[in-house]
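Reading the structure
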Amino acid sequence: MATGLTPAQSLETVQAQTRVLMRTLRRLGIPILVFVNKTDQRGARDEAVLAQLARRLAVPLVPMGRAAALGTRAARFVPGLGPAALDTLADHDDALLVVYLDGAVPDGRLHATLADQARRALVHPVYLGSAVTGAGVPELIAGIERLPPAADGDPDGPLSGAVFKVERGPAGEKVAYARIFSGTLRVRERIPFGGDHGEGAAVGAPGMVLCLGAAGMVRWARCCPCSPGSARCRSGPGRRVRSPSWRARSPRPRCTNWSSGSRG
C-alpha cells in the first residue's frame, strides 16, 4: 500500500498545497506521515505550528516527539509520545479509553494502537526536524518502515516495477529509484526497460542491473544498457532484492560494482 509524506515548515503558516495534498491523500485513504521541516532556523516554532496544522488541516495529528534547541543549528528531535498522543488515540479506540480511565496505559499497548490507527489513516504521526542538518530524519525513516502497512506482492512472481526517479551519481552514472511490485531483482540480471502498453508498443531495450541497495524503504538500482557493442558490465556478487518483503535499515551502501564505460 502507498504511504503519503506531507511536508510542513516550522517558520510559515500552512500552505495551500499542503492542504490540497492532505485532502487528496485522506480521500484516497492513504496513510500519511507529516514532517515539520526547518527546526534549525531562527524563528522556528513547534507547538504553535502543530496547533495550526491540526486546526487548518482538520486532521488528528500525533506528535512523535519534540524539538530541542529549536531555532539553532543544534536543533534535534527527541522521540517520545506525550499526553496529547494518548488523548488523540483514545478518541478512536474505546478499549484504549477504558484502559486510560482505569490507570496508566502500557507503552506497548500505546505504540501498537498508534501503528494500527496510522495504517488505517485514522491518525497521522508528526515528526520535527531539519532536512539540512538531518535532525529528525532517522526517526522519520524508522517511522516509514514501521508504521505504514506492509506492501503485498509475490517475490517469486514475474518482475514488475516502476521507476519514479532517476538521478546522477558522484561519477555521473545514472541511479534509478524504483518501486518493485512483484518479483526479484538480482545484480547482473538483464531486464527490459519500458513496457508493452498495447497497440503494438515496443518494449524498451534490455539493460543490466549493476548494483542494488536501499535508502529506508526505497529500492534503488544502478543499471546500464546491454545493447550490442556496449561495454561489458563488471559487477561483484551485489545484493538480492526481494520485494516487497525485503527491507534495509541502513543508509544507501557504497557501491563500486559498475563500469565507468557503461553509464547508460
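Note that the structure is a prediction, hence the values are computed from the model and not measured.

**Remarks on the overall build of the chain**
Scanning the chain from N- to C-terminus turns up six helices and 13 strands. By the burial criterion, 41% of the 264 residues in the chain qualify as buried. Relative to all contacts within the chain whose residues are 6 or more apart in sequence, the contacts with residues 24 or more apart total 63%. Accessible area of the chain: about 14,100 Å², with a carbon and sulfur share of 55%.

**Comments concerning the pattern of salt bridges**
Counted by the stated rule, this structure contains three salt bridges. When the shortest N-O distance is used, the salt bridge between Asp 116 and Arg 120 registers 2.9 Å. The exposure class assigned to Asp 116 is partly exposed, which follows from its relative accessible area of 36%. For the salt bridge of Glu 167 with Lys 165, the shortest nitrogen-to-oxygen distance reads 3.6 Å.

**Brief notes about the sheet that holds strand β1 (residues 4–9)**
Judged by pairing direction, the sheet is parallel, and its four strands sit side by side in the order β1-β2-β6-β3 without closing on themselves. Edge strands, defined here as strands with exactly one partner in the open sheet, are β1 and β3 (61–63). Adjacent strand axes in the sheet meet at a mean angle of 30 degrees when their direction is disregarded. Both β1 and strand β2 (residues 32–37) contribute to a ladder of six bridges, which runs parallel. When the bridges of β2 are listed, Gln 9 appears paired with Asn 37.

**Overview of the side chain of Thr 18**
Summarising the element assignment, Thr 18 is placed in helix α1 (residues 16–27). Judged by its relative accessible area of 9%, Thr 18 is buried. Aside from chain neighbours lying at most four places away, what touches Thr 18 is Thr 6, Pro 7 and Leu 57.

**So, helix α5 (residues 107–119)**
For α5, with 13 residues, the first-to-last C-alpha span of 18 Å sits near the 18 Å given by 1.5 Å per residue. Within the sequence span of α5, burial applies to Leu 110, Thr 113, Leu 114, Ala 115, Gln 117 and Ala 118. Contacts from the buried residues of α5 go to β3, α3 (83–90), α4 (94–102) and β6 (124–128). Of the residues trailing α5, Ala 121 is marked for its positive phi of about 60 degrees.

**Looking at the confidence of the model for the chain**
Counting all residues, the mean pLDDT for the chain is 76, and 73% of those residues have values of 70 or more. Element-level mean pLDDT values for the chain span from 38 in strand β13 (residues 240–242) up to 96 in strand β5 (residues 76–79). Throughout residues 198–202 the model reports pLDDT below 50, and contacts reaching past four residues in sequence, or to other chains, amount to two contacts.

**Observations concerning the environment of Leu 25**
Within the secondary structure, Leu 25 sits in helix α1. A relative accessible area of 11% places Leu 25 in the buried class. Distance from Leu 25 to Leu 5, taken between C-alpha atoms, is 9.5 Å for residues 20 residues apart in sequence. Apart from residues lying up to four places away in sequence, Leu 25 is in contact with Gly 4, Thr 6, Ile 30 and Ile 32.

**Regarding the packing of α3 against α4**
Pairs of packed helices are described in terms of their axes, by the angle between the two and the distance that separates them. Across the interface, α3 lies against α4 with an axial gap of 8 Å and an inter-helix angle of 135 degrees. On the basis of the axis angle, α3 is oblique to α4. Between α3 and α4, the contacting residues are Leu 86, Asp 87, Leu 89 and Ala 90 on the first element and Leu 96, Leu 97 and Tyr 100 on the second. When its residues are assigned to classes, the contact of α3 with α4 shows six nonpolar, no polar and one charged.

**Observations concerning the environment of Phe 35**
Among the structural elements, Phe 35 can be located in strand β2. For the pair formed by Phe 35 and Leu 128, sequence separation is 93 residues and the distance between their alpha carbons is 5.7 Å.

Definitions and cut-offs
- Residues numbered from 1 in each chain as written.
- Predicted model: local features only at pLDDT ≥ 70, side-chain atom pairs only at ≥ 80, totals over all residues.
- Heavy atoms only, no water.
- Helix = DSSP H or I, 4+ residues; strand = E, 2+ residues; numbered from the N terminus.
- Buried < 20%, exposed > 50% of the residue type's maximum accessible area, 1.4 Å probe, protein only.
- Contact = heavy atoms within 4.5 Å.
- Areas by Shrake-Rupley, 256 points an atom, 1.4 Å probe, with all protein chains shown as cover.
- Salt bridge = Lys/Arg side-chain N within 4 Å of Asp/Glu carboxyl O.
- Pairing = 2+ DSSP bridges.
- Axes fitted to C-alpha atoms, helices over the stretch in contact; angles between N-to-C directions.
- Expected span 1.5 Å × (residues − 1).
- pLDDT = per-residue confidence, 0-100.
- Parallel < 35°, antiparallel > 145°, perpendicular 65-115°, else oblique.
- Nonpolar A, V, L, I, M, F, W, Y, C, P; charged D, E, K, R; others polar.

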